[in-house]
Structures are given as C-alpha cells and as structure tokens.
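Per-entry structural report
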Amino acid sequence: MTETFSTATEREESRRQLAETRRKGLRRRHAAERRFRLYGMFAISAGIFFLAALLFSVVGKGYTAFEQTTITLPITFDAAVIDPEGAREDDPRLLLTADYPELVEAALAETLEISPDNGPELREAMRMISRSSRVELRDVVLKDPSVIGETVNVRLLASADIDSANKGQIDLSVPETSRRVSDRQLEWMERLEALGLMQKSFNTGFFTHGASSRPESAGIGVAFVGTLYMMGVVLLLALPIGVASAIYLEEFAPKNRFTDIIEININNLAAVPSIIFGLLGLAVFIGLLGLPRSASLVGGLVLTLMTLPTIIIATRAALQAVPSSIRSAALGVGASKMQAVFHHVLPQAMPGILTGTIIGLAQALGETAPLLLIGMVAFVADYPASPLDPATALPVQIYMWAGEAERAFVERTSAAIIVLLAFLILMNITAVILRRRFERRR
C-alpha cells in the first residue's frame with residue numbers, strides 16, 4: 001500500500017516537473033520572440049533615424065540654393081563704352097568684347113551715391129555683383145541692340161558672399177575681419193533692400209546654367225542634358241540586349257557546362273566594382289575604338305555594360321516565377337516554343353522585368369566612379385548638341401562641386417543631390433506603378 005502511494009507521488013512529482021520544464025521552455029521561447037521583435041524594431045528605428053538625418057542634412061543645406069539674390073540696377077548702355085567707334089554694323093563681334101563691367105560700375109556709383117573718383121569704394125561695391133554680369137549684359141545687347149544708348153533696369157546676380165549674407169548663412173555678429181562681407185557692404189545691402197532693388201527669387205539659373213567657377217552662376221543644366229543622353233543610350237542598349245539574353249538563357253539555351261559558365265560569370269559581373277567597368281570603357285571604347293573622350297555615348301556604353309548583369313538576373317528571376325503550367329498549356333494546344341514564350345510567358349513576367357530594368361537604370365543614374373575614368377569630369381559649360389559632344393553627368397557635377405573650397409558650393413552640392421534623389425524616387429515610383437498595372441492586366 002505504502003509502495004503504491006509512493007509510486008503515485010513520484011508520478012505526480014514527475015508530471016509537475018515536466019509541466020514546469022515546459023512552462024520554462026515556453027517562457028524562454030516567448031522571451032526570445034520578444035527580444036527578436038525588439039531587435040527588429042531597433043534596426044528599423046536606426047535605419048529610419050539615419051535616413052532622416054541624411055535627408056535633413058541634405059535638404060537643410062540645399063533648399064536655399066533654389067533661391068538666388070539679385071540686384072536690379074539702372075544700366076545705361078552707353079554707346080561710348082559698347083561701340084566707341086560706331087563700327088558694330090561692320091563687325092558685330094565688337095559687342096562681345098565691350099567693357100560691360102564699366103556700365104555696372106557706373107550704375108552702382110549712381111545708385112549707392114559713390115563718387116566716381118573713389119576707386120576703393122567702387123571696387124568694394126563691384127564685389128557685390130557677380131562677375132557673370134559681363135555675360136548678362138552682353139546677352140541683353142545681343143538680344144536687342146536697340147538698347148544701346150538707353151537706360152534699362154537689369155536684374156544682375158549678386159556675388160556668392162552677398163547671396164550667402166542675404167540668406168543668413170554668414171554670421172554677421174563676428175568682427176569684420178573674420179567675415180567675407182564688410183560693414184560697408186552690409187550698409188549698401190540695407191540701402192538696396194530699402195529701395196526694393198535687392199530681392200530673392202526662384203533660381204532658374206540653377207536648372208539652366210552649366211558649370212562655372214562662380215557658384216552664383218553655376219547650374220546643373222548641362223550635366224542634366226548629359227545625364228539624359230547617357231540614360232537614353234543605356235535604355236536603348238541594355239533593355240533589349242539584357243531581356244533577349246535572359247530569355248535565351250532561361251527558355252532556349254541547353255543546360256550544359258558552357259551555359260553554366262555563362263550564368264556564373266553574369267552573376268560575378270553583377271558584383272564587380274563599377275570602377276572596373278570604367279577601366280574597361282577607357283581601354284575599349286576610347287583606346288581601341290577611338291570614341292571621343294568625355295562623350296555621353298561613351299558614358300552610356302560603360303553604364304550599359306554595368307547594368308546588363310542586373311537586368312539579365314532580374315529578367316531570369318521574373319521568367320522563373322512564371323508557373324510551368326502556363327508553358328505546358330501553351331505547348332499542349334499546339335503553340336510553338338517561341339509562341340509559348342513570347343505570347344504567354346513574357347507577358348506574365350513583364351512586371352518583374354520592368355522593375356528590374358528601372359532599378360538597374362536607377363543604379364546607373366547614381367554612378368560616378370566609371371564616368372571619372374572616361375573623362376566626364378571635364379569642365380563643360382556649353383550644352384552638348386549630341387551624345388558625341390563633351391558632356392558631364394549629374395553625379396559627376398556633384399562630385400566636382402563637393403571638392404570646391406567656396407562655401408556657396410556647399411548648398412549647390414546639396415541641391416543637386418536633392419534633384420538626383422528626386423529622380424531616383426520618381427524612377428522607383430514608376431517601377432511600382434508599372435508593376436501594379438501589369439499585374440492587374442494578368
């Protein structure tokens with residue numbers, strides 16, 4: 001009897017221990033799940049924090065570049081300065097070489113009430129106006145030569161230092177010797193603002209001008225056109241070649257050692273550093289084929305080589321995702337292999353193909369290293385008329401501005417990054433929209 005009672009007690013104790021062990025294991029499992037959730041939330045929070053910090057830093061430094069300080073002056077286009085001998089009818093090129101800064105100096109002396117004989121003050125006042133005023137006044141005269149002899153109000157770009165001071169980017173509380181804007185220039189700025197001659201307006205020149213050593217007149221227009229040429233070359237070459245290669249490898253190529261080697265090399269090329277493609281382009285397209293250096297065509301060809309593996313891999317993945325039953329059904333009703341692939345499989349894979357293509361183009365849009373090697377880092381101030389003309393690209397323009405010493409280039413660097421990010425976001429949104437549209441059609 002006692003022995004039976006002891007056995008029952010031991011069984012009960014064993015059940016209690018087993019239940020306690022299970023409860024402990026369950027608690028450990030739940031604790032592990034909670035820790036994993038916390039780790040995941042921490043990782044996401046850290047990623048969002050760093051992304052927000054990046055965007056805040058870029059936008060905070062760059063949004064001011066979309067505004068530009070201008071100074072409106074009554075410019076008297078004195079014929080004695082522009083065309084002293086009256087020979088412009090015989091040689092219009094004389095209008096290009098006229099002493100236009102002398103006209104600006106005279107207008108400043110009149111507006112700020114500076115004596116024409118006070119050379120130091122006139123030079124200090126002239127430092128408030130961008131040196132690009134020569135080009136601005138020349139363009140006014142070339143556009144309408146009838147202004148010669150007339151007085152016309154012309155809006156001129158303020159110099160980079162005056163623009164920064166007007167935007168509050170210069171600490172004016174420090175001694176005059178520690179800043180780039182003098183007390184006298186601050187007095188003139190207040191006078192011009194009181195007269196309504198100094199104002200901030202939308203900086204259209206940032207989107208239309210080319211490279212310049214003067215930050216106030218520098219813009220991304222030329223780089224943007226060069227980028228469009230390059231992306232056009234990449235789209236025309238990488239998309240058809242990449243998709244055709246992927247279709248052949250996935251649907252038609254025999255599975256043997258040779259195709260295995262091709263697949264391995266395509267996967268390896270997708271991981272090759274982009275600067276290697278720049279070296280390849282320098283050796284083949286420029287050194288061997290003799291294509292012009294710094295041309296958008298060469299940049300597009302280099303980026304095509306870099307983008308092809310991405311498009312091929314993405315297209316093959318999209319084709320593999322199509323159920324094999326679709327192929328079997330098409331072949332079962334008498335379709336040829338070609339008809340089954342192009343009429344049934346390819347439309348089903350189109351969302352993935354478009355997504356991979358746009359992501360590859362977005363990656364190429366932000367590349368800088370290969371373009372530096374083929375000479376697209378050159379100083380290009382004129383718009384390229386064709387893909388064979390010298391050009392630069394938006395990422396390269398950002399790289400060049402980032403290396404400039406003047407503070408005003410900092411905001412333009414950040415503004416160009418904002419524009420580049422906007423295009424990347426737009427391309428990714430386009431990929432999402434196209435994917436959903438093709439998925440609905442299916």
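Residues numbered from 1 in each chain as written. Predicted model: local features only at pLDDT ≥ 70, side-chain atom pairs only at ≥ 80, totals over all residues. Heavy atoms only, no water.

Our working definition: UniProt positions are given in the numbering used here, feature names are shortened, and annotations may be inferred rather than shown by experiment.
Within an unreviewed UniProt entry, the label attached to the protein reads Phosphate transport system permease protein PstA, and the organism entered is Martelella radicis. Here the protein is described in UniProt, under the heading Sequence similarities (unreviewed entry), as follows: "Belongs to the binding-protein-dependent transport system permease family. CysTW subfamily."

**Here we look at a nonpolar patch on the surface**
Here is the rule we go by: Residues qualify for a patch when their relative accessible area is over 30% and they have no salt bridge, like charges being joined within 9 Å and the nonpolar side chains of Val, Leu, Ile, Met, Phe, Trp and Tyr within 5 Å. A 1.4 Å probe and the Shrake-Rupley method give the accessible areas. Residues count as covered only by the protein chains that appear here. Only one rule defines a salt bridge in this text: a Lys or Arg side-chain nitrogen within 4 Å of an Asp or Glu carboxyl oxygen. For the purposes of this entry, the term helix denotes a DSSP run of H or I that reaches at least four residues, the term strand denotes a run of E that reaches at least two, and both are numbered from the N terminus.
Residues Leu51, Leu54, Leu55, Val59, Tyr63, Leu421, Ile425, Ile429 and Ile433 make up a contiguous nonpolar surface patch of roughly 820 Å² in combined accessible area. Here Leu421 lies in helix H17 (residues 408-441).

**A few points about the pattern of salt bridges**
To be explicit about the condition: Note on classification: 1.4 Å probe, protein chains only; a residue is buried when its accessible area is under 20% of the maximum for its type, exposed when over 50%, partly exposed between these limits.
Under the criterion given, the structure shown has 13 salt bridges. Arg184 is the salt-bridge partner of Glu121, the closest N and O atoms lying 3.4 Å from each other. Highlighted residues: Glu121 in helix H4 (residues 119-126) and Arg184 in helix H7 (residues 183-194), separated in sequence by 63 residues. The exposure class assigned to Glu121 is partly exposed, which follows from its relative accessible area of 23%.

**Topic: the environment of Ala79**
The residue Ala79 is located in helix H2 (residues 79-82) in this model. Take Ala79: its relative accessible area is 34%, and that puts it in the partly exposed class. Remark: the alpha-carbon pair of Ala79 and Glu150, spanning 71 residues in sequence, is separated by 9.0 Å.

**Quick word on the packing of helix H9 (residues 221-252) against helix H14 (residues 337-365)**
Heads up, the rule is: Angles shown run from 0 to 180 degrees and are taken between the N-to-C directions of axes, each axis being a line fitted to C-alpha atoms and, for helices, limited to the stretch in contact. When an angle is under 35 degrees it counts as roughly parallel; over 145 it counts as roughly antiparallel; between 65 and 115 it counts as roughly perpendicular; any other value is oblique. Two helices cross in a left-handed way if the nearer one is turned anticlockwise from the farther one by less than a right angle. They cross in a right-handed way if the turn is clockwise. We call two residues in contact when some of their heavy atoms are within 4.5 Å. Three residue categories are used. Nonpolar comprises Ala, Val, Leu, Ile, Met, Phe, Trp, Tyr, Cys and Pro, charged comprises Asp, Glu, Lys and Arg, and polar comprises the others, including Gly.
The N-to-C vectors of H9 and H14 enclose an angle of 140°; their axes lie 9 Å apart at closest approach. As the angle between them shows, H9 and H14 are arranged oblique. The crossing of H9 and H14 is right-handed. Residues Thr227, Met231, Val234, Leu235, Leu239, Val243, Ile247, Glu251 and Phe252 of H9 form the contact with H14, whose participating residues are Lys337, Met338, Val341, Phe342, Val345, Leu346, Ile353, Thr357, Leu361, Ala364 and Leu365. Each residue belonging to the contact of H9 with H14 can be placed in one class, and the counts come to 16 nonpolar, 2 polar and 2 charged.

**Section: a negative patch on the surface**
In plain terms, the rule: Residues counted as positive are Lys and Arg, residues counted as negative are Asp and Glu, and His and the chain ends are not counted. Charged groups are reduced to one reference atom each: NZ for lysine, CZ for arginine, CG for aspartic acid, CD for glutamic acid.
Residues Asp78, Asp99, Glu102 and Glu105 make up a contiguous surface patch of negative charge. Looking at where Glu102 falls in the secondary structure, it is placed in helix H3 (residues 100-111).

**Side note on unusual backbone geometry**
Unusually for a residue other than glycine, Glu113 sits at a positive phi of about 60°. You can see Glu113 is positioned in the loop between H3 and H4. For Glu113, a relative accessible area of 64% gives the class exposed. In the Ramachandran plot, Ser294 falls in the positive-phi region, its phi being about 70° despite a non-glycine side chain. When you line up the elements, Ser294 lands in the loop between helix H11 (274-288) and helix H12 (296-321). Residue Ser294 is classed as buried on the basis of its relative accessible area, which comes to 8%.

**A word on the domain arrangement of the protein**
This is how the line gets drawn: Each domain's extent was defined by an automatic or database domain assignment. Computed with a 1.4 Å rolling probe, the buried area is the accessible surface lost when two parts are put together, summed over both parts. Within 3.5 Å is the distance limit for a polar contact, defined as a pair of N or O atoms, with the added protein rule that one can donate a hydrogen and the other accept it, and that residues adjacent in sequence qualify only through two side-chain atoms.
One can read the domain layout of the protein as domain 1 (68-202) and domain 2 (220-440). Each of domain 1 and domain 2 has a C-alpha centre, and the two are 46 Å apart. Across the domain 1/domain 2 interface, buried area totals approximately 420 Å², and carbon plus sulfur atoms make up 30% of it. Between domain 1 and domain 2 we count 1 salt bridge in total. In this structure, the salt-bridge partner of Glu411 is Lys167, at a minimum N-O distance of 3.3 Å. Here domain 1 is connected to domain 2 by 3 residue pairs in polar contact (both at pLDDT 80 or more). Among the elements that take part in the side of domain 1 that touches domain 2, helix H6 (residues 160-166) stands out by supplying 3 residues, more than any other. Residue classes in the side of domain 1 that touches domain 2 are distributed as 1 nonpolar, 3 polar and 2 charged.

**Overview of the side chain of Gln185**
Positionally, Gln185 belongs in helix H7. There is a polar contact of 3.1 Å between the side chain of Gln185 and the backbone nitrogen of Ser182. Once residues within four sequence positions are removed from consideration, Gln185 is found in contact with Glu124, Arg127, Met128, Ile162 and Arg180.

**A look at the sheet that holds strand E2 (residues 151-157)**
Defined as follows: A strand pair is defined by DSSP finding two or more bridges across the two strands.
The sheet built from 3 strands is open, its strands ordered E2-E1-E3 with antiparallel pairing. Lying at the two open borders of the sheet, with one neighbouring strand each, are E2 and strand E3 (198-202). Mean inter-strand twist for the sheet, computed between neighbouring axes without regard to direction, equals 40°. Note: strand E1 (residues 67-76) against E2, 7 bridges, orientation antiparallel. What sits directly across from Thr72, in E2, is Arg155. Contacts between H3 and the sheet are confined to E1 and E2, with E1 contributing the most and set at about 90° to the helix. Contacts between helix H5 (residues 133-143) and the sheet are confined to E1 and E2, with E2 contributing the most and set at about 140° to the helix.

**Points about the UniProt feature "transmembrane region" (unreviewed entry) in the protein**
The UniProt record annotates "transmembrane region" (unreviewed entry) at residues 36-59, 222-249, 269-291, 297-319, 358-381 and 415-434. Its end C-alpha atoms 29 Å apart, residues 415-434 is made of 100% helix and 0% strand.

**Some words on helix H10 (residues 257-269)**
Convention followed: What a helix should span is 1.5 Å times the count of its residues minus one. Of all possible arcs, the one meant is that of the directions from the helix axis to the C-beta atoms.
The end-to-end C-alpha distance of H10, which contains 13 residues, comes to 18 Å, matching closely the 18 Å that a straight helix rising 1.5 Å per residue would cover. Taken together, the buried positions of H10 are Thr259, Glu263 and Ile266. For H10, the buried positions fall inside an angular range of 60° around the axis, keeping them on one side. Turned more than 90 degrees from where H10 packs its buried face, Arg257 and Phe258 sit exposed. Packed against the buried residues of H10 are H9 and H12.

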